[in-house]
Amino acid sequence: MTGADNTPGSKTMIGQLTKAERRYALLILLGLTLCGLIIGIAGKDDPLGIHGALIGVAALAGIFKVISVYYDPEPGDERLNRYYDDPTKFGIVLAMIWAVFGFFIGDWVAWLLVKPDLTFDAGWASFGRLRPVHTTSVLFGFGGNALIATSFYVLQRTSRARLPDQLSPWFVLLGYSMLCILAVTGYVMGITQSKEYAEPEWYADFWLVIVWVVYFGIYLRTLARRKEPHIYVANWYYMAFILVIAMLHIVNNLAVPVSFGSAKSYSLFSGVQDAMTEWWYGHTAVAFFLTAGFLGMMYYFLPVRAGRPIYSYRMSIISFWGITFFYMWAGSHHLHYTALPQWAQTLGMTFSLMLLIPSWASAANALLTLNGAWDKVRDDATLRFMMVAAVFYGITTFEGSFLAIRSVNSLSHYTDWTVGHVHAGALGWVAMITFGSIYTVVPWLWKRDRMHSPRLVEVHFWFALAGAVVYVFAMWNSGITQGLMWRTYNESGTLAYSFVDSLIAMRPYYIARAIGGLLFLIGAIVGAYNIWMTIRTGSRQVHESALDMPLPVLGGTTVLQPGE
């Protein structure tokens, strides 16, 4: 079963636009072409010029695509009888492409710590350049596209309202993809502002603000037109993710470029203020990108897949406000034993401990929702992805609060224990809930009764779980070993081990970490293949969830919404 219902190609995508939207698309692309040309000329002696050329060529290609179908017939009003899911389809495909690429780079980086010669004497392949390529590809390429795609899907179903237009969702998805491409290509060229999770330079940061404002506008416009009076809790989490990330991104990336023709910029903050702003951003981004957004995903897809209502809706709301308030104050726990004032360190530690309450409330809410559905967890690997994600979320949030305690942090800081903690969240929580949600929604979007191969979903689950467990346990052990070796003294009061001794002791753990990453990568490749085959072939039956509509059909005619 192939053809019209597959992932939309560029021609089909543009053909869905009205004549007015096609004109707007041409104006946007023309503006981007001119911007790319100006940046390319201004930065001709700087790596910025390459990015200017990249922007200009991509926008010019888009102009030709739009022109090629500009005079095609407009889509009919029957489109208003359906949810607009093509952007969600495209976003899921993008997310899986970034997942495979990002996990591959991550495993390469892991093997670099085992065998440093794997850089092949190329500057672009050094650890310092590949590592942000990995983090950006996984967190923002994979995670970000998955959040955007699923948020469009959840927003429409929980509001019983179609997205407000056809152009802005594509602008958000394609614009966000351009940001990820600019970031990743910039890193290999040495373009970075050296801020954790905020490496892209000033011009990419400016572009993301524009994209993000449009994204938030889509959410507000759709909710304003909703036919469901209640705003479901998943949308609270998604909106918090969008709004707070915008605030964090703008403040943390306030910078002054060296010149308009240079990719280099200097932060508006300096010294300890810059460090505090960065970790206010860094940890709160973990809160509202890697936690709130994916909790929105969990609160929709887990109960739908389990066929059970959320255990406690009140608990989900209390958890939302607890996370929203407490997380904002926790970033300073990254700066224990630094020049940051003691009171600020203590404030971050205190709020990190308090965070355990709303965080565990969400984890418990998810697991209690599965009461009466544990037989489904046993038999359904997709639901098992989400169950394991909730377990890892509980483990990771407990560990985060624990590591924020100053005395514990004195042992863990700068060690691989932190790396293990981060990946317990990234692999065990973020990736697992995303894979479970994607496996849930793909058959619905492409009108299949199931995934191409439920057995391959099972295979993916066990590869992912094994990879995450091996990786995290290796890093927990290596981190604690490092911390203990660095603080062990001999009888004469000098250090018992040199730094090189600790590196030698780490080698078996680094090999185990790389093997764990390889297992996770293999699982992602299996999952991408299964999703692709579901899109390309699938079964002839249609899942009932693929037939939902924005509004009930009354007397054979769908009542259109105001403004449509």
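Please refer to the structure higher up on the page.
Residues numbered from 1 in each chain as written. Predicted model: local features only at pLDDT ≥ 70, side-chain atom pairs only at ≥ 80, totals over all residues. Heavy atoms only, no water.

Novice: Quick question: what am I supposed to make of the overall build of the protein here?
Specialist: When its secondary structure is counted, the protein shows 19 helices and four strands. Its C-alpha atoms give the protein a radius of gyration of 24 Å, within 12% of the compact-globule value 24 Å for 564 residues. Expressed as lengths along the three principal axes of its C-alpha atoms, the size of the protein is roughly 90 × 65 × 45 Å. Across the 564 residues of the protein, 56% fall into the buried class. In the protein, the proportion of contacts linking residues at least 24 apart, taken out of those at least 6 apart, comes to 83%. Entry remark: accessible area of the protein is about 23,600 Å², with carbon and sulfur atoms responsible for 69%. If the 37 positive side-chain charges of the protein are averaged to one point and the 33 negative ones to another, these points end up 6 Å apart. (Helix = DSSP H or I, 4+ residues; strand = E, 2+ residues; numbered from the N terminus. Rg over C-alpha atoms; globule rule 2.2 N^0.38 Å. Buried < 20%, exposed > 50% of the residue type's maximum accessible area, 1.4 Å probe, protein only. Contact = heavy atoms within 4.5 Å. Areas by Shrake-Rupley, 256 points an atom, 1.4 Å probe, with all protein chains shown as cover. Lys, Arg positive; Asp, Glu negative; His and termini not counted. Charge placed at Lys NZ, Arg CZ, Asp CG, Glu CD.)

Novice: Can you help me understand the pattern of salt bridges in this one?
Specialist: Any two side chains of opposite charge can pair, given that their charged atoms come close. Inspection of the entire model under this criterion finds ten salt bridges. One salt bridge in this structure joins glutamate 228 and arginine 160, with 3.9 Å as the shortest N-O distance. With a gap of 68 residues between them, glutamate 228 in the loop between helix H7 (202–224) and helix H8 (233–252) and arginine 160 in the loop between helix H5 (127–159) and helix H6 (167–188) connect regions that are remote in the sequence. Using a relative accessible area of 28% as the deciding quantity, one classes glutamate 228 as partly exposed. (Salt bridge = Lys/Arg side-chain N within 4 Å of Asp/Glu carboxyl O.)

Novice: For this particular structure, what's the right way to read the packing of helix H4 (residues 86–112) against helix H17 (residues 416–445)?
Specialist: Any two packed helices are characterised by the angle at which their axes cross and by the distance between the axes. For the pair H4 and H17, the least separation of the axes is 11 Å and the interaxial angle reads 140°. Pair H4 / H17 crosses with left-handed handedness. Taken together, the residues of H17 that come into contact with H4 (itself represented by Thr88, Lys89, Ile92, Met96 and Phe103) are Leu427, Phe435, Ile438, Val441, Val442 and Leu445. Looking at the contact of H4 with H17 residue by residue, the class counts come to nine nonpolar, one polar and one charged. (Axes fitted to C-alpha atoms, helices over the stretch in contact; angles between N-to-C directions. Left-handed = near helix turned anticlockwise from the far one by under 90°. Nonpolar A, V, L, I, M, F, W, Y, C, P; charged D, E, K, R; others polar.)

Novice: In this structure, what is going on with the packing of aromatic side chains? I would like to understand it.
Specialist: Remark: the centre distance and the inter-plane angle together describe each pair of aromatic rings, the angle taken between the planes. All chains considered together, the criterion is met by 46 aromatic pairs. An angle of 90° between the planes, with centres 5.4 Å apart, marks the rings of phenylalanine 385 and phenylalanine 461 as edge-to-face. Residue phenylalanine 385 is found in helix H15 (residues 381–403), and its partner phenylalanine 461 is found in helix H18 (residues 454–486); the two are separated by 76 residues along the sequence. Here phenylalanine 385 matches phenylalanine 461 in class, with each residue buried. Looking at lysine 264, its charged tip hangs above the ring of tyrosine 266, at a distance of 5.2 Å from the centre. The residue whose ring lies beneath arginine 384 is phenylalanine 461, and the NZ or CZ to ring-centre distance is 5.0 Å. (Phe/Tyr/Trp six-rings, centres within 6.5 Å; stacked < 30°, edge-to-face > 60°. Lys NZ or Arg CZ within 6 Å of the ring centre and 35° of its normal.)

Novice: Teacher, can you tell me more about the side chain of glutamate 199 here?
Specialist: Of note, glutamate 199 is situated in the loop between H6 and H7. The side chain of glutamate 199 sits in the buried core without any salt bridge; arginine 131 is the nearest counter-charge, 4.4 Å away.

Novice: So what exactly am I meant to see when it comes to the side chain of glutamine 193 here?
Specialist: One can find glutamine 193 in the loop between H6 and H7. Residue glutamine 193 is classed as buried on the basis of its relative accessible area, which comes to 14%. Of the polar contacts made by the side chain of glutamine 193, one reaches the backbone oxygen of proline 200; its length is 3.2 Å. Aside from chain neighbours lying at most four places away, what touches glutamine 193 is Ala198, Glu199, Pro200, Glu201, Asp205, Asn253 and Ser265. (Polar contact = N/O pair within 3.5 Å; in protein donor to acceptor, adjacent residues only side chain to side chain.)

Novice: So what exactly am I meant to see when it comes to the packing of H4 against H6 here?
Specialist: Packing of H4 against H6 leaves a shortest axis separation of 9 Å and a crossing angle of 15°. When the axes of H4 and H6 are compared, the pair comes out roughly parallel. Here H4 runs over H6; the crossing is left-handed. Across the interface between the two elements, Asp86, Pro87, Phe90, Gly91, Leu94, Trp98 and Phe101 from H4 touch Pro169, Trp170, Leu173, Leu174, Ser177, Cys180, Ile181 and Val184 from H6. Split into classes, the residues belonging to the contact of H4 with H6 amount to twelve nonpolar, two polar and one charged. (Parallel < 35°, antiparallel > 145°, perpendicular 65-115°, else oblique.)

Novice: In this structure, what is going on with empty space enclosed by the protein? I would like to understand it.
Specialist: Over the atoms, a rolling probe the size of a water molecule traces out where space has been left empty. Inspection of every chain in the model, using the stated rule, returns three cavities of 30 Å³ or more. Lining the largest cavity, in full, are Leu139, Phe140, Tyr197, Gly282, Ala285, Val286, Phe289 and Leu290. At the level of elements, H5 and helix H9 (271–288) are the ones that each hand at least two residues to the lining of the largest cavity. Considering each element in turn, the lining of the largest cavity owes the most residues, three residues, to H9. (1 Å grid on protein atoms, 1.4 Å probe; cavity = no way out; pocket = protein on both sides within 12 Å on 5 of 7 lines; lining within 4 Å. Points joined across faces, edges and corners; volume = space filled by probe spheres on them.)

Novice: I tried to follow the layout of surface pockets on my own but got confused; where do I start?
Specialist: As a volume, the second largest pocket reaches approximately 1,300 Å³. Contributing to the lining of the second largest pocket are 44 residues, with Leu32, Leu174, Gly175, Met178 and Trp207 lying nearest its centre. Within the residue set of the lining of the second largest pocket, elements represented by two or more residues are helix H1 (10–15), helix H2 (19–42), helix H3 (48–68), H4, H6, H7, H8 and strand E1 (255–257). Residue classes in the lining of the second largest pocket are distributed as 35 nonpolar, seven polar and two charged.

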